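Summary of structural features
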Amino acid sequence: MKSAVETVDATKVKLTVEVPYDELKPSIDHAYAHIAAQVTVPGFRKGKVPPRIIDQRVGRGAVLEHAINDGMSSFYSAAVRENNLRPLGQPEIEVTQVPDLADTATELHFVAQVEVRPELTLPALDSLTVTVDDLEVSDDDVAGRLDALRERFGTLVGVDRPAGEGDFVVLDLEAKVDGEQVDSVSGISYQIGSGNMLEGLDEALTGLSAGETTTFTAPLAGGEREGEQADITVTATTVKQRDLPAADDDFAQLASEFDTLDELTADLREQAAGAKGSNRAVQARDLLVEQLLARVDVPVPAGVVEAEVHRHLESEGRLEDDEHRAEVTEQAATALKNQILLDTLAEQLDVKVNQNELLEYLVSASRQYGMDPNTFIKTVDEQGQVPAMVAEVARSKAIAVALRRVAVTDGAGDAVDLSEYIGSDADDAAVDTSDVVFDDEGAQGADEASSADEAAPAAGEPAAEPADEGTDKV
């Protein structure tokens, strides 16, 4: 097989492929066998109809169409690998020449246009500096954690006064649209200030005593009439405040393994420092990506974005919502730009993902979906999403490796050690590479997960949409 690639633009190429008759022959034989098993010809058993009879009864055109569609995926995939392409979507394939079944000197020719990952030139990482926030734990930080712990052990007590911020109100609520009741709830507990119910509910409840009723107007937050303005009637049946236990040694013994409040407070200070250190690692990641995007022009394949936007809007039943389409288009383009950048970074840093790293990611993802890890992993495997998951781990790891190369400083210009959160080169060197599932060659495989490694569409068929990608993490 011969193939040549022509660059159409920064994100699209045209593959010209010539397949000799001998390489198409297995698909031709398969086509004859398949058709023979389907047709009924007097005098022949099913599956035993000879090719010459199939040519007469069905036609060589049908045989060729079957053979070409059967072999197209493998021919296209081979051409992609031969030319080191990284497809980001499904190809548009046009057959330009079909062989003559009676002439083994003829060939199959086709042209495939496909959007690919653009080539990027990244700046030298050791030339970059990211400045993160200073690591300062204030008394307020510690007090906030102590108060949160006290709230876990607090008790709700009814009060005879108007409700205020932070109070809990047991309420009855009724919603009407044009005088028609569309929803009602009774006896639910709501904390003023949480903002997790109706818009304007916090303001309506503030100042309301037990047994008092008020009305207000707000958009419905769910149901078939979501977004419609409704007249809301709310009654406070009970007002409660949370009484917190005293912050003393007795509380420390109740709420922790420590004997004194001082010991508990010291531990909470360490926790606050750890949380801020982790936040600095996330901040460093975001700042590094921001710097790279500012220095590198990342062309975005319009077709891939359009396909993702269509899939998203179709799933929501909002294909005609132009305003929402603009929002989703911007989000999809940004996500794809970040993905292209991080995939390039992973390749240039020769990032490798091992089985343990992939497993850890899958287990973590299963918790986010509230699924049993084994069930989640089996589902991901059956849906063919493992390459996408591997690529996601590689992107995250690429950022961590890159952060070891750049200069990370605090506000005073002092170096910041993030190794606790991003690992070290020594950690990577100690990993057993015998179970590596992703490397610089695997990066291409992940890019092709929804294109070359799946069945390419038959000539003239619409291209399928790419699978969803996940978000990036440190």
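Residues numbered from 1 in each chain as written. Predicted model: local features only at pLDDT ≥ 70, side-chain atom pairs only at ≥ 80, totals over all residues. Heavy atoms only, no water.

- Per an unreviewed UniProt entry, the protein chain carries the name Trigger factor and comes from Cellulomonas fimi.
- For the protein chain, the Sequence similarities (unreviewed entry) comment in UniProt is given as "Belongs to the FKBP-type PPIase family. Tig subfamily."
- Checking UniProt for the protein chain, the heading Catalytic activity (unreviewed entry) contains the comment "[protein]-peptidylproline (omega=180) = [protein]-peptidylproline (omega=0)". (UniProt positions renumbered as here; feature names shortened; annotations may be inferred.)

**Focus: the overall build of the protein chain**
- Helix and strand content of the protein chain: 15 helices and 13 strands.
- For the protein chain, whose C-alpha radius of gyration is 31 Å, the value lies well above the compact-globule estimate of 23 Å for 474 residues.
- For the C-alpha atoms alone, the extent of the protein chain along its principal axes is close to 95 × 65 × 40 Å.
- For the protein chain, the proportion of its 474 residues judged to be buried stands at 38%.
- With an accessible surface of roughly 25300 Å², the protein chain has 45% of that area assigned to carbon and sulfur atoms.
- Positive and negative side-chain charges in the protein chain, numbering 38 and 95 respectively, have mean positions lying 8 Å apart. (Helix = DSSP H or I, 4+ residues; strand = E, 2+ residues; numbered from the N terminus. Rg over C-alpha atoms; globule rule 2.2 N^0.38 Å. Buried < 20%, exposed > 50% of the residue type's maximum accessible area, 1.4 Å probe, protein only. Areas by Shrake-Rupley, 256 points an atom, 1.4 Å probe, with all protein chains shown as cover. Lys, Arg positive; Asp, Glu negative; His and termini not counted. Charge placed at Lys NZ, Arg CZ, Asp CG, Glu CD.)

**Digging into the UniProt feature "domain: PPIase FKBP-type" (unreviewed entry) in the protein chain**
- UniProt's entry tags residues 166–219 with the feature "domain: PPIase FKBP-type" (unreviewed entry), counted in the numbering of this structure.
- Taken end to end, residues 166–219 is 9% helix and 54% strand, and its two terminal C-alpha atoms sit 23 Å from one another.

**Digging into unusual backbone geometry**
- Even without glycine at this site, Asn84 takes up a positive phi of about 50 degrees.
- Locating Asn84 in the fold gives a position in the loop between α3 (60–82) and β3 (92–97).
- Backbone geometry at Asp350 places phi at a positive 55 degrees, although glycine is not the residue there.
- Relative accessible area serves as the criterion here: at 37%, Asp350 is assigned to the partly exposed category.

**Let's talk about the packing of aromatic side chains**
- All told, the structure shown has two aromatic pairs when counted by the stated rule.
- Both rings, one in Phe153 and one in Phe251, keep their centres 5.9 Å apart while their planes meet at 90 degrees; by these two values the pair is edge-to-face. You can see Phe153 sitting in the loop between α4 (139–152) and β6 (155–158) and its partner Phe251 sitting in helix α6 (residues 249–255), a full 98 residues away along the chain.
- Judged by its relative accessible area of 31%, Phe153 is partly exposed.
- Among the residues examined, Phe251 registers a relative accessible area of 2% and is labelled buried.
- Ring centres of Tyr369 and Phe376 lie 5.6 Å apart, and the angle between their planes is 25 degrees; this geometry places the pair in the stacked category. (Phe/Tyr/Trp six-rings, centres within 6.5 Å; stacked < 30°, edge-to-face > 60°.)

**Structural notes on the side chain of Arg285**
- Locating Arg285 in the fold gives a position in helix α7 (residues 261–295).
- In this structure the side chain of Arg285 is engaged in a polar contact, spanning 2.8 Å, whose partner is the side chain of Asp286. (Polar contact = N/O pair within 3.5 Å; in protein donor to acceptor, adjacent residues only side chain to side chain.)

**A look at the nonpolar core**
- Residues Leu288, Leu345 and Val406 are the most contacted members of the largest nonpolar core, which totals 48 residues.
- Of all the secondary-structure elements, those providing two or more residues to this core are α7, α8 (302–316), α9 (322–348), α10 (355–368), α11 (373–382) and α12 (386–405).
- Here this core gets nine residues from one element, more than from any other, and that element is α12.
- Among residues more than four places away in sequence, those in contact with Val406 are Leu125, Leu128, Val130 and Leu288. (Core = buried A, V, L, I, M, F, W, Y, C linked by side-chain atoms within 4.5 Å. Contact = heavy atoms within 4.5 Å.)

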